[in-house]
Amino acid sequence: PTACMDVLVTGATGFVGSRLVPALRDAGHDVTALTRDAAGYDAPEGVTVAEGDLLEPGSFDDALAGKDAAYYLVHSMDAGDDFAERDRRAARYFTRAASEAGVDRVIYLGGLGDDDDDLSEHLQSRREVEYLLADGEPAVTVLRAGILIGEGGVSWRMVRQLAARLPVMVTPRWVDTKCQPIYVDDAVTYLAGVLAEPA
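What counts and what doesn't
Residues numbered from 1 in each chain as written. Predicted model: local features only at pLDDT ≥ 70, side-chain atom pairs only at ≥ 80, totals over all residues. Heavy atoms only, no water. Helix = DSSP H or I, 4+ residues; strand = E, 2+ residues; numbered from the N terminus. Buried < 20%, exposed > 50% of the residue type's maximum accessible area, 1.4 Å probe, protein only. Contact = heavy atoms within 4.5 Å. Pairing = 2+ DSSP bridges. Polar contact = N/O pair within 3.5 Å; in protein donor to acceptor, adjacent residues only side chain to side chain. Salt bridge = Lys/Arg side-chain N within 4 Å of Asp/Glu carboxyl O. Axes fitted to C-alpha atoms, helices over the stretch in contact; angles between N-to-C directions. Parallel < 35°, antiparallel > 145°, perpendicular 65-115°, else oblique. Left-handed = near helix turned anticlockwise from the far one by under 90°. Nonpolar A, V, L, I, M, F, W, Y, C, P; charged D, E, K, R; others polar. Core = buried A, V, L, I, M, F, W, Y, C linked by side-chain atoms within 4.5 Å.

Topic: the overall build of the chain
Now for step 1: Within the chain one finds 6 helices and 8 strands.
Now for step 2: Within the chain, buried positions represent 37% of all 199 residues.
Now for step 3: Here the analysis covers contacts within the chain between residues at least 6 apart in sequence; of these, 66% occur between residues at least 24 apart.

This is the structure:
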């Protein structure tokens, strides 16, 4: 059995975070969910809610106080052309605050791909966030995933729409790109599981 830890989850309302929060609670951890809109968040029973915005330094410092670990599940894919700059700022603000709060460990869900690869802008940004988080005092554990598959996710909706509307489709050459999808609940199991692994 894992020792109970006091854990913060950023991105608690997102595709992964909304599944991770109850999983951590069910594993016996004290969980605080960070959201920009506490009033609009229907928190699972037994979960503490904190309001804050990673792009507003100081707004989430109290949520980090006394935490053993923090999950960083925030990214700005829907933020338009300046998503990389927003992700960069959020990661810097979070790293500074987590370091000052004495958080022992940060767990980050990034994307697949090596630095030598011709990464997309989004994957380059994910990798940059990884490095920015590692600049702080807390130890950082990084899990990298490809496409997360599960009901409610963007990939799930896209595949369903394609299958429903296009029984036959001529595809461009880039469709041959290899991909490693993972079921979102499996990713959540890994994210929760690494909390018990100091390495």
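So that's the structure; there's more coming.
Comments concerning the pairing of strand β5 (residues 105–111)
Now for step 1: Within β5, 7 of the 7 residues are buried, which leaves the element mostly enclosed by the surrounding structure.
Now for step 2: Of the two faces of β5, the one carrying R105, I107, L109 and G111 and the one carrying V106, Y108 and G110 are both buried.
Now for step 3: With 4 bridges connecting them, strand β4 (residues 69–72) and β5 associate as parallel partners. Note on β5: the bridge partner recorded for Y72 is Y108.
Now for step 4: Relative to strand β6 (residues 139–145), β5 runs parallel, the two being bridged by 7 bridges. Along β6, the bridge assignment pairs Y108 with V142.

Here we look at the side chain of T141
Now for step 1: Position of T141 among the secondary structure elements: in strand β6.
Now for step 2: When its relative accessible area of 15% is taken as the criterion, T141 is described as buried.
Now for step 3: In terms of polar contacts, T141 uses its side chain to reach the side chain of R105, at 2.9 Å.
Now for step 4: Ignoring anything within four residues of it in the chain, the contact list for T141 reads R105, V106, I107, Y108 and V194.

Some remarks on the pattern of salt bridges
Now for step 1: Counting across every chain of the model gives 7 salt bridges.
Now for step 2: Between R19 and D185 there is a salt bridge whose closest N-O contact spans 3.6 Å. With R19 in helix α1 (residues 17–26) and D185 in helix α6 (residues 184–193), this residue pair connects regions lying 166 residues apart in the sequence.
Now for step 3: The salt bridge partner of E130 is R127, with a shortest N-O separation of 3.4 Å. Of this pair, E130 and R127 are both found in helix α4 (residues 121–134), 3 residues apart, which corresponds to roughly one turn of the helix. Across the pair, R127 and E130 agree in class, each one buried.

Thoughts on the sheet that holds strand β2 (residues 30–35)
Now for step 1: Strand order in the open sheet formed by 6 strands is β3-β2-β1-β4-β5-β6, with parallel pairing between adjacent strands. Single-partner strands in this sheet number two, and they are β3 (48–51) and β6. Strand after strand, the sheet turns through a mean of 20 degrees between neighbouring axes, direction not considered.
Now for step 2: Packed onto the sheet, α1 meets β1 (6–9), β2 and β4 and runs at close to 170 degrees relative to β1.
Now for step 3: Across the sheet, α4 is in contact with β4, β5 and β6; its angle to β5 comes to roughly 165 degrees.

What about the packing of α1 against α6?
Now for step 1: In the contact formed by α1 and α6, the axes pass within 10 Å of each other and the chain directions differ by 45 degrees. In this view, α1 runs oblique relative to α6, as classed from their interaxial angle. As for how α1 packs across α6, the hand of that crossing is right-handed. On the side of α1, the interface is formed by R19, L20, A23 and L24, while α6 contributes V184, D185, V188, L191 and A192.
Now for step 2: By residue class, the composition of the contact of α1 with α6 is 7 nonpolar, no polar and 2 charged.

A look at the nonpolar core
Now for step 1: In this structure, V9, V16, L20, V21, L24 and Y71 are the most contacted members of the largest nonpolar core, which totals 25 residues.
Now for step 2: The set of elements that each furnish at least two residues to this core consists of β1, α1, β2, β4, β5 and α6.
Now for step 3: Examining the composition of this core, we find that 5 residues originate from one element, α6, more than from any other.
Now for step 4: In this structure V9 touches G17, L20, V21, L24, V31, T32, A33, L34, Y71 and L73, once residues within four positions along its chain are discounted.

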